[in-house]
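Secondary and tertiary structure notes
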Amino acid sequence: MPDYPRILNAGDSALVVEFGDAVDAAINQSVYNFSAALESDALPGVREIIPTYRSALVNFDPLVITHVEIEEAIDRAISRATALDTDERRSLTFTLPVLYGGDDGPDLARVAEHNSIRPEDVVRIHTSGVYRVFMLGFLPGFPYLGGMDERIATPRLATPRISVPAGAVGIAESQTGVYPMDSPGGWNLIGLTPVQFFDPNAAPPVPIQPGSFIRFESKAAAEIEEIRQQISDGTYEIPAEGSSG
Amino acid sequence: MTGKVLNIEAPGLMSTIQDVGRFGYQRFGISTSGASDQGALRLGNLLLGNDAGAAAVEITFGGFAAVFTAATAFALSGGDLSPTLNGTPVATGVVYMAVANDRLTMAAPVSGFRSYLHLPGGVVCEQVLGSAATYQPAHIGGIDGRALIAGDELAAGEPSRVMMAGTTLDFPVTPPAQTPQPVRVLLGPQDDHFTARGIRTFLDEIFTVTDRSNRQGVRLDGPEVEAEGDSYDIVSDAVVTGSIQIPGDRKPIILMSDRQTTGGYPKIAVVVTVDLPLIAQAAPSAQIQFVAISREDAVALLGEQEVAINNISVVAPDLRELVLTVDLEAHHVGVPGHRGEQQASRFQIELDGNRHTVAIENIE
């Protein structure tokens, strides 16, 4: 077993800082604490810091900042991040309104049946979870969420749908997620959120920060319609509260 | 002079508008995209006096045809896809003057795989998240986030200087190709996922580019690269352009501009920055041999390339006795004996037995 954290080469213009080798909330939190610490240094030549499940990739111009300089900065950021008290972590929890079932959640009954529970139990269990956004990837704004209750875990559809609408809330095995844009997909669709996960004209283009948390809230069709209107008026803000989760 | 200058007649295998790329959004899952061959993009822009990262049309393989709808300078960089203007071969790395109804075609590769069509001031299109780069999976950039189709009209930007046909660079714009092509890599970040035999296979054997390659990744065929414990999965992490991942079929995939931002396969090595254009220009059936170098050497190569590019001179054509009068105040370019204020027009001039074409364009 290697000693973590460790720094690895990723070509001549990037380094990977690994904090472990597992999908684990504590490891993931270390990644985000480190990324925030290094980000705050605003080092010249650093193009972007990309946090993922268990490591952060630091992309930089080696003609502006040398590997030695950046490795020293990384070591200092690791020390500062490790010294952070839990209370100082400023992760947000976003609450997403969802219309469950019906035409927008055509697989809600399938998920219920697979787990021998009622559809309303699926909704109750799904809305009681607080899901860590381990990272964003795959598609713009696609959140890799952790922490779903095994009682609603359901295999993927045997035949993926050719088109799943943006905002579709789905379950695949013991993962839950939201489709950020219209795309093909094989997840069980249990509902739909009107919240836009990817808007190239917004700043930032993705409202959900990686390293934050998501919870889902069941809303009636009329409330969803109201939110949809607010979104199109540009007056909607995703309810978010600061906490360490 | 800005405005529509080019009408796409046939996009060929695939043509997209690309620039230096979209940076700073990978943490949100948004890929950098941008020109596959960043070296060619930069040299072509240098030739026309454009910003180094200005947008151009990336033309893949050939089957391309477009008609100019107004007088404009243009230049090609990157691979040689046998370009012609009105049926006459044109060279890569030279500024040409086109007038309305001139037809540019590219049939098939002579060398390389991707050509870049540059216009003065760069190809103008809507910037999305700070870039014109087309990223088809997210439907952003370029024209409506898609590849070019017949009927698309492209606009040129504001030229930074007066264009002269025949202008070149004192630097080769097409990288020399070899068979097999040596490609330098830096091992890691997951080289420790592979057996000693796997690493030897990767570095000693020759791999072939397959036709299942695109802007997301170049898929190679060849001997199987053996991983420790036969495990070809890792906890997903971030990737860079040039990352070489080995998935379950044990054949390398080199990730390119339209790659996803994260990946779950172990990455045995990363192509060094200065050799990325070689991958962008490797056509299906091209052979590749990976060569591991040190981090220090990779950075030194990058530094040397930067110095070389900064020392490039733009070489004006030798026009001998031809005198062009350029009145920037009056926005007028003239040739003795002719006045070309209102309409674009073209002249043939004979000097020392050589015929030169001179195009007069409106400068507004």
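As a starting point, this report considers the structure included with it. The structure displayed is predicted, hence computed values, not measured ones. (Residues numbered from 1 in each chain as written. Chains lettered and ligands numbered in written order. Predicted model: local features only at pLDDT ≥ 70, side-chain atom pairs only at ≥ 80, totals over all residues. Heavy atoms only, no water.)

**What to know about the sheet that holds strand β4 (residues 55-60) of chain A**
Residue and element names in this part refer to chain A. Spatial ordering of the open sheet is given by β1-β2-β4-β3, a layout of 4 strands whose pairing is antiparallel. Of all strands in the sheet, those with a lone pairing partner are β1 (6-9) and β3 (46-51), marking the two edges. In this sheet, neighbouring strand axes are inclined to one another by 20 degrees on average, regardless of whether the strands run parallel or antiparallel. When strand β2 (residues 14-18) meets β4, the two strands line up antiparallel, connected through 5 bridges. (Pairing = 2+ DSSP bridges. Helix = DSSP H or I, 4+ residues; strand = E, 2+ residues; numbered from the N terminus. Axes fitted to C-alpha atoms, helices over the stretch in contact; angles between N-to-C directions.)

**Observations regarding the nonpolar core**
All names here are of chain A. Ranked by size, the top nonpolar core spans 54 residues in total, and within it L96, I208, I214 and F216 carry the most contacts. For this core, the secondary-structure elements that each account for two or more residues are β5 (91-100), α3 (108-114), α4 (119-128), β6 (131-136), β7 (143-146), β9 (168-172), β12 (188-192) and β13 (213-218). The greatest single-element share of this core, amounting to 5 residues, is contributed by β6. What I214 contacts, discounting residues up to four positions off in sequence, is F94, L96, G129, V130, Y131, V133, L145, F197 and I208. (Core = buried A, V, L, I, M, F, W, Y, C linked by side-chain atoms within 4.5 Å. Buried < 20%, exposed > 50% of the residue type's maximum accessible area, 1.4 Å probe, protein only. Contact = heavy atoms within 4.5 Å.)

**Examining the sheet that holds strand β18 (residues 243-245) of chain B**
Residue and element names in this part refer to chain B. Sheet architecture is closed into a barrel: 7 strands sit in the order β14-β21-β18-β19-β16-β15-β22, paired in mixed fashion. Here the strands of the sheet are splayed against their neighbours by 40 degrees on average, with no regard to which way each runs. Each of β14 (181-187), β15 (207-209), β18, β21 (267-271) and β22 (287-292) touches helix α2 (residues 196-204); the most contacted strand, β22, lies at about 125 degrees to it.

**Remarks on the packing of helix α1 (residues 25-41) of chain A against helix α2 (residues 67-83) of chain A**
Residue and element names in this part refer to chain A. Contact geometry for α1 and α2: axes closest at 8 Å, N-to-C directions at 125 degrees. It follows from the interaxial angle that α1 and α2 lie oblique. The handedness of the crossing between α1 and α2 is right-handed. Mapping the contact onto sequence places N33, F34, A37, L38, S40 and D41 in α1 and A73, I74, A77, I78, R80 and A81 in α2. Classifying every residue of the contact of α1 with α2 gives 8 nonpolar, 2 polar and 2 charged. (Parallel < 35°, antiparallel > 145°, perpendicular 65-115°, else oblique. Left-handed = near helix turned anticlockwise from the far one by under 90°. Nonpolar A, V, L, I, M, F, W, Y, C, P; charged D, E, K, R; others polar.)

**Re the pairing of β7(A)**
Residue and element names in this part refer to chain A. Of the two faces of β7, the one lined by P143 and L145 and the one lined by Y144 and G146 are each fully buried. Strand direction decides the pairing type here: β6 and β7, joined by 4 bridges, are antiparallel. Within β7, the residue paired with L136 across the bridge is P143. Taking the residues that link successive antiparallel strands as the turn, the β6-β7 hairpin has 6 residues, and the phi of F138 there is positive, at about 75 degrees.

Structural measurements only, silent on function.
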